[in-house]
Amino acid sequence: MKIRKILYADEGKVLTDGEIYGSMIYLAEGQSADDFYEISMEEYAAIMENQAKESREAWENGVSDG
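Residues numbered from 1 in each chain as written. Predicted model: local features only at pLDDT ≥ 70, side-chain atom pairs only at ≥ 80, totals over all residues. Heavy atoms only, no water.

Draft legend 1. Main features of the overall build of the chain. For the chain, the count of helices and strands is one helix and five strands. Put simply, the chain runs from its N terminus to its C terminus through helices and strands in the order β-β-β-β-β-α. Radius of gyration (C-alpha) of the chain: 16 Å, far over the 11 Å computed for a compact globule of 66 residues. Judged by the C-alpha coordinates and their principal axes, the chain covers about 50 × 30 × 15 Å. For the chain, buried positions account for 17% of its 66 residues. In the chain, 34% of the contacts between residues at least 6 apart in sequence involve partners at least 24 apart. Accessible area for the chain stands at about 5300 Å²; split by element, carbon and sulfur atoms hold 50% of it. If you average the places of the 6 positive and of the 15 negative side-chain charges in the chain, the two averages end up 6 Å apart. (Helix = DSSP H or I, 4+ residues; strand = E, 2+ residues; numbered from the N terminus. Rg over C-alpha atoms; globule rule 2.2 N^0.38 Å. Buried < 20%, exposed > 50% of the residue type's maximum accessible area, 1.4 Å probe, protein only. Contact = heavy atoms within 4.5 Å. Areas by Shrake-Rupley, 256 points an atom, 1.4 Å probe, with all protein chains shown as cover. Lys, Arg positive; Asp, Glu negative; His and termini not counted. Charge placed at Lys NZ, Arg CZ, Asp CG, Glu CD.)

Draft legend 2. Representation of the pattern of salt bridges within the structure. Taken as a whole and assessed by the stated rule, the structure comprises one salt bridge. One salt bridge connects Glu49 with Arg56, and the closest N-O pair in it is separated by 3.5 Å. Since its relative accessible area comes to 47%, Glu49 is described here as partly exposed. (Salt bridge = Lys/Arg side-chain N within 4 Å of Asp/Glu carboxyl O.)

Draft legend 3. Quick look at the environment of Ser23. Turning to its location among the elements, Ser23 is positioned in the loop between β3 (21-22) and β4 (24-26). Setting aside anything within four residues of it in sequence, one finds Ser23 in contact with Leu7, Tyr8, Ala9 and Leu15.

Draft legend 4. Structural detail: the sheet that holds β3. Spatially, β3-β2-β5 is the arrangement adopted by the three strands of the open sheet, whose pairing is antiparallel. The open sheet has two free edges, formed respectively by β3 and β5 (37-40), since each of these has just one partner strand. Relative to β5, strand β2 (residues 13-16) runs antiparallel, the two sharing four bridges. Across the sheet, Leu15 pairs through a bridge with Glu38, a residue of β5. (Pairing = 2+ DSSP bridges.)

Draft legend 5. Molecular detail of the side chain of Ser40. If you trace the backbone, Ser40 turns up in strand β5. Residue classification places Ser40 among the buried positions, given a relative accessible area of 15%.

This is the structure in structure tokens:
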């Protein structure tokens, strides 16, 4: 059994590689700790809000087109 490395974000921070977000990250095979960096909870909230807005707009455009 291969042991995976686990990364932990500092308190009040979130780890990300730009696609994956979390306070605790289990590195998959081929991933490196160097791929991840910390962002603030405020930055994370802003990113999630922007993604939700983009998803809503895409869904609304898809529904109105179809």
